[in-house]
Amino acid sequence: MMSLPLPPEQVLALLHWYAEMGVDTPVGDEPVDRFAESALAAPSPMRTAPEAEPTRRAPTTTAAPRMAAPAPSLLTASPDAVETAAREQARSAKTLEELRDLLERFDGCALKATASRLVFADGAPDAKVMFVGEAPGRDEDIQGKPFVGRSGQLLDRMLTAIGLDRTKAYIANVVPWRPPGNRDPTPQETTICRPFIERQIELVGPKLLVCLGARSAQALLGVSDGILKLRGRWLDYDLAGQRIRAVATLHPAYLLRQPVQKRLAWRDFRAIRAALKET
């Protein structure tokens, strides 16, 4: 029995589901034998030439020039060395532009090799409030800006509800490269990237810091509780020797999966609005 084609709305829903699961690259219908391709591309073995009498050359006193050794890659260094290098490089940035350039050249995080591009930040660098998520997703990886997919659209609506938009807020992530398949960053990846987001917060100098989701709060605020226990609690963040107010709230992606929890997020955003009026 021949199956009928799916209605367009079901096809669209299926594609959205594939994208959420991290399936974002099409493959062909026919299998490809990569081993056979490699064999065809391999160079043919060179024939051994008959031995010839070695030619005597006059001795020379000129030494052959030494080739400079390639700079070692941080990917082969120990985790402690990579973390130290990340902290030193982040500390050296005097502006957000310098920090972005450093991240573009930084090769200590393997996520850079699998992501399409760096997702640095969006919004106003002089904003009073800074929102920090965990890591970019597929849409962010394509556009190079944080929170531009479905969760970003929800975040925009949440900002509008308290009188904000991207011209009055600064938005970034702890990890600036998309993990493959939208998986969670590993603890080591987060540790390597943390010096850069800490320096980013320092250069922005917000009055309020909002952590979107538990992983962002755990990385920046040194807490271990889950987000439902963390959210809505005002904590202190050490910003270059001075304390600023920080709060964790539910990540927009979580709210898309659990719409009933939007009431809790609305309470948090009303508290953020009130705190901004006091600054």
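The structure under discussion appears in the preceding block.
Residues numbered from 1 in each chain as written. Predicted model: local features only at pLDDT ≥ 70, side-chain atom pairs only at ≥ 80, totals over all residues. Heavy atoms only, no water.

(A) Up close: the pairing of strand 6 (residues 242-249). Here 5 bridges tie strand 4 (residues 208-212) to strand 6, and the two strands are oriented parallel to one another. Looking across to strand 6, one finds that Leu 212 is bridged to Thr 249. Both strand 5 (residues 234-239) and strand 6 contribute to a ladder of 6 bridges, which runs antiparallel. Residue pairing across strands places Tyr 237 opposite Ile 244, the latter belonging to strand 6. The hairpin turn running from strand 5 into strand 6, its antiparallel successor, is 2 residues long, and Ala 240 in that turn takes a positive phi close to 50 degrees. (Pairing = 2+ DSSP bridges. Helix = DSSP H or I, 4+ residues; strand = E, 2+ residues; numbered from the N terminus.)

(B) Broad picture of the pattern of salt bridges. For the coordinates displayed, the defined rule picks out 11 salt bridges. One salt bridge connects Arg 215 with Asp 184, and the closest N-O pair in it is separated by 2.9 Å. Taken together, the residues Arg 215 in helix 9 (residues 214-221) and Asp 184 in the loop between strand 3 (170-173) and helix 8 (187-204) connect sequence positions 31 residues apart. Given a relative accessible area of 41%, Asp 184 falls into the partly exposed group. (Salt bridge = Lys/Arg side-chain N within 4 Å of Asp/Glu carboxyl O. Buried < 20%, exposed > 50% of the residue type's maximum accessible area, 1.4 Å probe, protein only.)

(C) Looking closely at the packing of aromatic side chains. Considering all chains together, one arrives at 2 aromatic pairs under this definition. Ring plane angle 20 degrees and centroid distance 6.0 Å describe the contact between Phe 131 and Phe 269, whose orientation is recorded as stacked. In this pair, Phe 131 is assigned in strand 2 (residues 129-133) and Phe 269 in helix 12 (residues 262-278), connecting sequence segments 138 residues apart. (Phe/Tyr/Trp six-rings, centres within 6.5 Å; stacked < 30°, edge-to-face > 60°.)

(D) Here's a closer look at the layout of surface pockets. Of the voids in this model, the second largest pocket is the one considered here, and its volume is about 200 Å³. For the second largest pocket, the full set of lining residues is Arg 87, Ala 90, Arg 91, Pro 195, Glu 198, Arg 199, Glu 202, Tyr 237, Asp 238, Leu 239 and Ala 240. Of all the secondary structure elements, the ones that give two or more residues to the lining of the second largest pocket are helix 3 (79-92), helix 8 and strand 5. Among the elements that line the lining of the second largest pocket, the one with the most residues is helix 8, at 4 residues. Residues belonging to the lining of the second largest pocket are distributed by class as follows: 5 nonpolar, no polar and 6 charged. (1 Å grid on protein atoms, 1.4 Å probe; cavity = no way out; pocket = protein on both sides within 12 Å on 5 of 7 lines; lining within 4 Å. Points joined across faces, edges and corners; volume = space filled by probe spheres on them. Nonpolar A, V, L, I, M, F, W, Y, C, P; charged D, E, K, R; others polar.)

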